Amino acid sequence: MAKTQETLLVTGACGQLGTELTAALAQAYGANRVIATDIRQPQNAAHTFERFEVLDITQGNEMAEFIQKHGITHIYHLAALLSATGEQKPMLAWQVNMQGWLNVLEVSREVGIQQIYFPSSIAAFGADTPRENTPQTTVMNPGTVYGISKYAGELWANYYCHRYGLDVRSLRYPGLISYSTPPGGGTTDYAVDIFYKALETGHYTCFLDAETRLPMMYMPDAIKATLQLMQADQSAIKVRTSYNLTAFSFTPAEIAQAIRQHIPAFEIQYAPDFRQAIADSWPATIDDSQARMDWGWQPDYDLAAMVKDMIANLQQRNSQIMAIV
Ligand code: AKB
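Just so it is clear, the structure is predicted and the values come from calculations on it, not from any experiment. (Residues numbered from 1 in each chain as written. Predicted model: local features only at pLDDT ≥ 70, side-chain atom pairs only at ≥ 80, totals over all residues. Heavy atoms only, no water.)

K.L.:
Even after reading the chapter, I still don't get the pairing of strand β8 (residues 203-206), so can you show me in this structure?
P.N.:
Taking every second residue as pointing to the same face, the buried face of β8 carries Tyr204 and Cys206, while none of His203 and Thr205 on the other face is buried. Relative to strand β12 (residues 267-270), β8 runs parallel, the two being bridged by four bridges. Paired with Tyr204 across the bridge in β12 is Ile268. (Buried < 20%, exposed > 50% of the residue type's maximum accessible area, 1.4 Å probe, protein only. Helix = DSSP H or I, 4+ residues; strand = E, 2+ residues; numbered from the N terminus. Pairing = 2+ DSSP bridges.)

Next comes the structure, spelled out in structure tokens:
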């Protein structure tokens, strides 16, 4: 359990993962022990942070002052540009994803941060990687700027752990599906957008083709995995680059069919764009047996359970909005 002197910093707290991870950390460690930060002020009603500050992670000196001023002991470094945005703004993606991460690692070494979390992604793999049951250790060769920054970030995590003894831990998330805060700029975003369109219009035009299979996970499982990894005993953590992690894989056609179990008239069309090539370079299914073996990873949600819960929560939110209007 949390020690009272722990103070946690979350960067990128207003993002899809940050919103829910910050809430879970506040629940686990106490809301007054968690400082949520992002590049701009929160815009979404789901952001009910007890403590929030604007922080630009690309400014190393600013970050170092912030960490010292607030007596930060643990960092969850979530701020990053995702795959699709990264392809549109490659230099900005590199600056934010790589320089931001190096700033975190350097200040952590200097001030002796106790524990650091770094999210990696299936994007760290590339077209030369085996697509089915992708192993923990294999050919990487990522083809996107986002993927290159995540793979390089994993190697830096491993380096700072072995060279300086920093307790850095990481997961290679698959596509994350959630209803609190929409994702922004990713290739797996279609698997969230589809729910909004199914409920609003009964129709969705997908930017990936019908048979593109990708690994995915419902947000409660992603949060559970992250807390479980970070709370595991040091001796259990055998991988210091990043752990493979998955819950299930599906295609756009399969998730559409699962949505039809609840909304029978739902229709989907396909108009693949530049994101198709990104998806085609990623694994279809992931072997996460190392995470299961080392720290007991086990997901709770399959595709059907996730779809049911997503629709129930979005319908509930829509009826609350209607009641207010
Ligand atoms: C993206 O699509 O860019 C992200 C990811 C798989 O890391 N959701």
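K.L.:
In this structure, what is going on with the site of the ligand? I would like to understand it.
P.N.:
Lining the immediate surroundings of the ligand are Leu82, Ser83, Ser121, Ile122, Tyr146, Gly186, Thr187, Thr188 and Trp282. Between the ligand and Thr187, the relevant distance is 2.7 Å, taken from an oxygen atom to a main-chain nitrogen or oxygen of the residue. At 2.8 Å, a side-chain N or O of Thr188 approaches a nitrogen atom of the ligand. For the ligand, the cavity whose grid points lie within 2 Å of the majority of its atoms is the largest pocket. Taken together, the residues of the shell around the ligand break down into four nonpolar, five polar and no charged. Shared between two domains, the shell around the ligand holds at least three residues of each, these being domain 1 (8-176 + 217-244) and domain 2 (178-215 + 247-294 + 301-324). (Near = heavy atom within 4 Å. Polar contact = N/O pair within 3.5 Å; in protein donor to acceptor, adjacent residues only side chain to side chain. 1 Å grid on protein atoms, 1.4 Å probe; cavity = no way out; pocket = protein on both sides within 12 Å on 5 of 7 lines; lining within 4 Å. Sits in = over half its atoms within 2 Å of the grid points. Nonpolar A, V, L, I, M, F, W, Y, C, P; charged D, E, K, R; others polar. Domains from an automatic or database assignment.)

K.L.:
So what exactly am I meant to see when it comes to unusual backbone geometry here?
P.N.:
Keep in mind that most residues, glycine aside, have a negative phi and that most peptide bonds are trans. Its identity is not glycine, yet Asn133 carries a phi of approximately 50°, on the positive side. Position of Asn133 relative to the elements: it lies in the loop between β5 (115-121) and α5 (145-164). Note on Asn133: relative accessible area 48%, which makes it partly exposed. Despite not being glycine, Asn141 has its phi angle at roughly 45°, a positive value. With respect to the secondary-structure elements, Asn141 resides in the loop between β5 and α5. Classification of Asn141 as partly exposed rests on a relative accessible area of 45%.

K.L.:
Help me out: how do you make sense of helix α2 (residues 60-69) in this one?
P.N.:
Side chains three or four residues apart in an α-helix point the same way, a direct result of the helix having 3.6 residues per turn. Taken as a whole, α2 has its buried residues at Met63, Ala64, Phe66 and Ile67. For α2, the angular spread of the buried residues around the axis is 165°, confining them to a single face. Of the exposed residues in α2, those oriented more than 90 degrees away from the buried face are Asn61, Glu65, Gln68 and Lys69. On its buried face, α2 sits against β1 (8-11), β2 (34-38), β3 (52-54), β4 (74-77) and α4 (90-111). (Arc of directions from axis to C-beta. Contact = heavy atoms within 4.5 Å.)

K.L.:
Sorry if this is basic, but what is going on with the layout of surface pockets here?
P.N.:
Empty space among the atoms becomes visible once a probe the size of a water molecule is rolled across them. By volume, the largest pocket is sized at about 1200 Å³. Taken together, 49 residues line the largest pocket, and the ones lying closest to its centre are Gly15, Ala80, Leu81, Leu82 and Gly184. Elements supplying a minimum of two residues to the lining of the largest pocket: α1 (16-29), β2, α3 (83-88), α4, β5, α5 and β7 (175-177). Here the residues of the lining of the largest pocket sort into 22 nonpolar, 22 polar and five charged. Of the pockets and cavities examined, the second largest pocket occupies roughly 300 Å³. (Points joined across faces, edges and corners; volume = space filled by probe spheres on them.)

K.L.:
What am I meant to see in the sheet that holds β7 here?
P.N.:
Pairing within the open sheet is mixed, and its three strands lie in the order β7-β9-β11. Sheet topology places β7 and β11 (248-250) at the edges, where each strand pairs with a single neighbour. Averaged over neighbouring strand pairs, the angle between their axes works out to 45° when direction is ignored. Relative to strand β9 (residues 214-218), β7 runs parallel, the two sharing three bridges. Its bridge partner lying in β9, Leu176 is registered against Met217. On the sheet, helix α7 (residues 219-231) packs against β7 and β9 and is oriented at approximately 85° with respect to β9. (Axes fitted to C-alpha atoms, helices over the stretch in contact; angles between N-to-C directions.)

K.L.:
What's the story with the environment of Lys238 in this structure? I'm lost.
P.N.:
Within the secondary structure layout, Lys238 lies in the loop between α7 and β10 (243-244). Spatially, the C-alpha atom of Lys238 lies 9.2 Å from that of Ala291, the residues being 53 residues apart in sequence. Beyond its immediate sequence surroundings of up to four residues, Lys238 is in contact with Tyr243, Gln290 and Asp294.

K.L.:
Can you walk me through the packing of helix α6 (residues 190-200) against helix α8 (residues 252-260) in this structure?
P.N.:
It is the contact of α6 with α8, at a shortest axis distance of 11 Å, that shows an interaxial angle of 35°. As α6 runs across α8, the sense of the crossing is right-handed. Residues Tyr190, Ala191, Ile194, Phe195 and Ala198 of α6 pack against Pro252, Ile255 and Ile259 of α8. Split into classes, the residues belonging to the contact of α6 with α8 amount to eight nonpolar, no polar and no charged. (Left-handed = near helix turned anticlockwise from the far one by under 90°.)

K.L.:
In this structure, what is going on with empty space enclosed by the protein? I would like to understand it.
P.N.:
Using the criterion set out here, one finds one cavity of 30 Å³ or more in the structure. Taken as a whole, the largest cavity spans an internal volume of roughly 40 Å³. If you trace the largest cavity, you find it lined by His77, Ala79, Ala80, Asn97, Trp101, Phe118, Ser149 and Lys150. Looking at the lining of the largest cavity, the elements with two or more residues in it are α4 and α5. Broken down by class, the residue content of the lining of the largest cavity amounts to four nonpolar, three polar and one charged.

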